[in-house]
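Observations on chain architecture
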Amino acid sequence: VPPGEDGGGGGGTVERVAGGVEGAAEVVRLLGVRRRTLVLRGGDECALGVALQIIDCHHCQIYCCAPVRTVELLGNSHSSILLGGVSRVVSARLCERVTLVAAAAAVRAHGLAECCLQLCVGSRPLLWGENRRLSLAPFGAVYTSLPQHLAAARLSPALQHNFWATPVLCARADAGRGGGGGGGGAGGV
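Residues numbered from 1 in each chain as written. Predicted model: local features only at pLDDT ≥ 70, side-chain atom pairs only at ≥ 80, totals over all residues. Heavy atoms only, no water.

Below, the discussion takes up the pattern of salt bridges. A complete count under the given rule lists two salt bridges for this structure. For R34, the salt bridge goes to D56, with nearest N and O atoms at 3.5 Å. Linking R34 in the loop between β2 (26-31) and β3 (37-41) with D56 in the loop between β4 (50-55) and β5 (61-68), this pair joins segments that are 22 residues apart in sequence. R97 is the partner of E114 in a salt bridge, and the nearest nitrogen-oxygen pair spans 3.0 Å. Highlighted residues: E114 in the loop between β8 (96-110) and β9 (116-121) and R97 in strand β8, separated in sequence by 17 residues. With a relative accessible area of 29%, E114 lands in the partly exposed category. Classification of R97 by relative accessible area gives partly exposed; the value is 39%. (Salt bridge = Lys/Arg side-chain N within 4 Å of Asp/Glu carboxyl O. Helix = DSSP H or I, 4+ residues; strand = E, 2+ residues; numbered from the N terminus. Buried < 20%, exposed > 50% of the residue type's maximum accessible area, 1.4 Å probe, protein only.)

So, about the side chain of N76. With respect to the element layout, N76 can be found in the loop between β6 (70-74) and β7 (77-93). Residue classification places N76 among the buried positions, given a relative accessible area of 1%. Within the local environment of N76, its side chain forms a polar contact with the backbone oxygen of I54, the two atoms lying 3.0 Å apart. For N76, the side chain forms a polar contact with the main-chain nitrogen of D56, separated by 3.3 Å. Once residues lying within four places of it in the same chain are set aside, the contact partners of N76 are I54, I55, D56, C57, H58, L94, C95, E96 and V98. (Polar contact = N/O pair within 3.5 Å; in protein donor to acceptor, adjacent residues only side chain to side chain. Contact = heavy atoms within 4.5 Å.)

Glancing now at the nonpolar core. Judged by nonpolar contacts, the single largest core of 36 residues is most densely connected at L30, L52 and L83. Those elements that place two or more of their residues in this core are β2, β3, β4, β5, β6, β7, β8 and β9. Among the elements that take part in this core, β8 stands out by supplying six residues, more than any other. Beyond its immediate stretch of four places on either side in the chain, L83 contacts L52, C64, V71, V90, L100, V101, A102, A103 and F139. (Core = buried A, V, L, I, M, F, W, Y, C linked by side-chain atoms within 4.5 Å.)

Structure representation (structure tokens):
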């Protein structure tokens, strides 16, 4: 999908923004997309220095078949998202019923509800705040150029050193007093 164009379906925008986030040269932002399937490939839409933001997208299938620098997921629901190689961090916040399949150097999750994270991650995933019914599983996707994208993102193409099953849980200090806090873990919590 060319930036700034919405090829029918449920509205929303796909845009490129110069001057990036966390040192990225530019940002590719998917905002308010509804009931669509989007495929982002290397070259026109995404490249290794790009930060990808997927914000307020619902009932979508989004495939990023390209190595990118960082990814931010915010306020998405009822969607499946594939990230082929993230050289830094995937940050997911306030999402509901999202399946995320991602290979990344690091993953952090906050405020997720009924989500499944299928990960190949080079460090222990950080789960903080209140995550409800969160499932963790190993990365389970294949596409033709995945080994090259993993190598470009400096991730092990053999998917070695995968820490998906050993998350770090950061609960609120008042969690023991019925304050909600923490949650998440392998196999669903």
